[in-house]
Amino acid sequence: MTKSAKQSIRVITIDGPSGSGKSTAARKLAQRLGFAHLDTGAMYRAVTFQALRQGLNLRDSAELINLTKQIDLDLVPTAHGTEVTICGQDVTELIRTVEVTENAHFIASRRGVRDEMVKRQRKLARKLAPLVAEGRDQGTVVFPHAQLKFFLDADPATRARRRYQQLQSSGENVTYEQILSGIQTRDARDSTRSTAPLEVPPGAIIVDTTNMSVEKMVDELARHVQRILSTLEQRQSKQ
Ligand code: DC
């Protein structure tokens, strides 16, 4: 390998449903490559959290669009992952509650909110690149020209088990059955909404993570990165 991933690749996208492993994969792949990590779900969560905190009407598009335009939201890379701040306050943990998770669809389904998010995400990418961007629309809408796109998936029971373990360790009082039913509801909402539904981006590599350990999943993605780098190198040497 004569060129590093950092010199050749600007954006890698990872999309997929909740619990598919995409957040862990994005964070670890970014670490391995020395790339930044853009967690776009955290942005939707932060706006949801702020809307709830301000007592906004979650059915009022104008209020939500206005909040998304005004919010002083930042994603700050740190040694132990990305810190999410609103007006300088660390909300990294506060945006992971069941309440925020269950209400995020009010924010994520508004076209005006999404348009604003797309602008913010592209602006962040210009500042942070090279980066691994994860979400539901990264390879389809936000970075359709990314050099490498992944779509991660896993069966719903596995995804529910992973979310359950995460929430247990952060002290949330929920049952596995509640999580599974929440996942099924959100899957249906995410993939049928009219604006930027969750779908496999054209040209994306689909990875089924159902029976994969974290290490195996990251190895698999890194293997594809190496393959793409070799292809890019070959193309460049022919020019
Ligand atoms: O990945 P997550 O669970 O942190 O996402 C939180 C919410 O934001 C979830 O309702 C899906 C939505 N989302 C989205 O619509 N588009 C993205 N690019 C990222 C997340």
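Shown above is the structure to which this text applies.
Thresholds applied
- For every chain, the first residue of its written sequence is number 1, and the numbers climb from 1 along that sequence.
- Only residues with pLDDT of 70 or above have their local features reported here, since the model is predicted, and side-chain atom pairs are shown and tallied only from 80 upward, although totals for entire chains, interfaces and linings are computed over all residues.
- Here the side-chain values reflect all heavy atoms present in the structure, with hydrogen atoms and water set aside.
- For helices, the fitted axis covers only the stretch in contact; all axes are lines through C-alpha atoms, and the angles between them, taken along N-to-C directions, range from 0 to 180 degrees.
- Comment: elements are numbered from the N terminus, with helices defined as DSSP H or I runs of at least four residues and strands as E runs of at least two.
- Just so you know how the angles are binned, under 35 degrees is roughly parallel, over 145 roughly antiparallel, 65 to 115 roughly perpendicular, and the rest oblique.
- In what follows, residue pairs with any heavy atoms lying within 4.5 Å of each other are defined as contacts.
- Classes in brief: Ala, Val, Leu, Ile, Met, Phe, Trp, Tyr, Cys and Pro nonpolar; Asp, Glu, Lys and Arg charged; the others, Gly included, polar.
- Any two strands with at least two DSSP bridges between them are considered paired.
- Multiply 1.5 Å by the residue count of a helix minus one, and that product is the helix's expected span.
- Type-normalised accessible area, obtained with a 1.4 Å probe on protein chains alone, sets the label of each residue: buried when under 20%, exposed when over 50%, and partly exposed for intermediate values.
- The arc in question is formed by the directions pointing from the helix axis toward the C-beta atoms.

Once that is clear, we can look at the packing of helix H4 (residues 61–70) against helix H6 (residues 111–128). Put simply, H4 and H6 touch, their axes get as near as 8 Å, and they point 10 degrees apart. One element, H4, and the other, H6, form an angle in the roughly parallel class. On H6, the residues that touch Leu64, Ile65, Thr68, Lys69 and Gln70 of H4 are Gly112, Val113, Glu116, Met117 and Arg120. Broken down by class, the residue content of the contact of H4 with H6 amounts to four nonpolar, three polar and three charged.

Let us look at the sheet that holds strand S7 (residues 148–153). Pairing is parallel across the open sheet formed by five strands, whose spatial order is S2-S6-S1-S7-S8. Two strands bound the open sheet, and with one partner strand each, they are strand S2 (36–39) and strand S8 (205–208). Taken pair by pair, the neighbouring strands of this sheet meet at an average axis angle of 20 degrees, ignoring direction. Looking at chain direction, S7 and S8 are connected through four bridges and run parallel. Residue pairing in the sheet places Leu152 in a bridge with Val207 of S8. Most of the contacts of helix H10 (residues 214–238) go to S7, to which it runs at about 160 degrees, and overall it touches strand S1 (11–15), S7 and S8.

With twelve residues, helix H2 (residues 22–33) should reach 16 Å at 1.5 Å per residue; the first-to-last C-alpha distance of 16 Å fits that figure. Those residues of H2 that fall on the buried side of the exposure criterion are Lys22, Ala25, Ala26, Leu29, Ala30 and Leu33. Taken around the axis of H2, the buried residues stretch over an arc of 125 degrees, which confines them to a single face. Buried residues along H2 sit in contact with helix H1 (5–8), S1, S2, strand S6 (131–135), S7 and H10. Gly34 sits one or two residues past H2 and shows a positive phi near 75 degrees.

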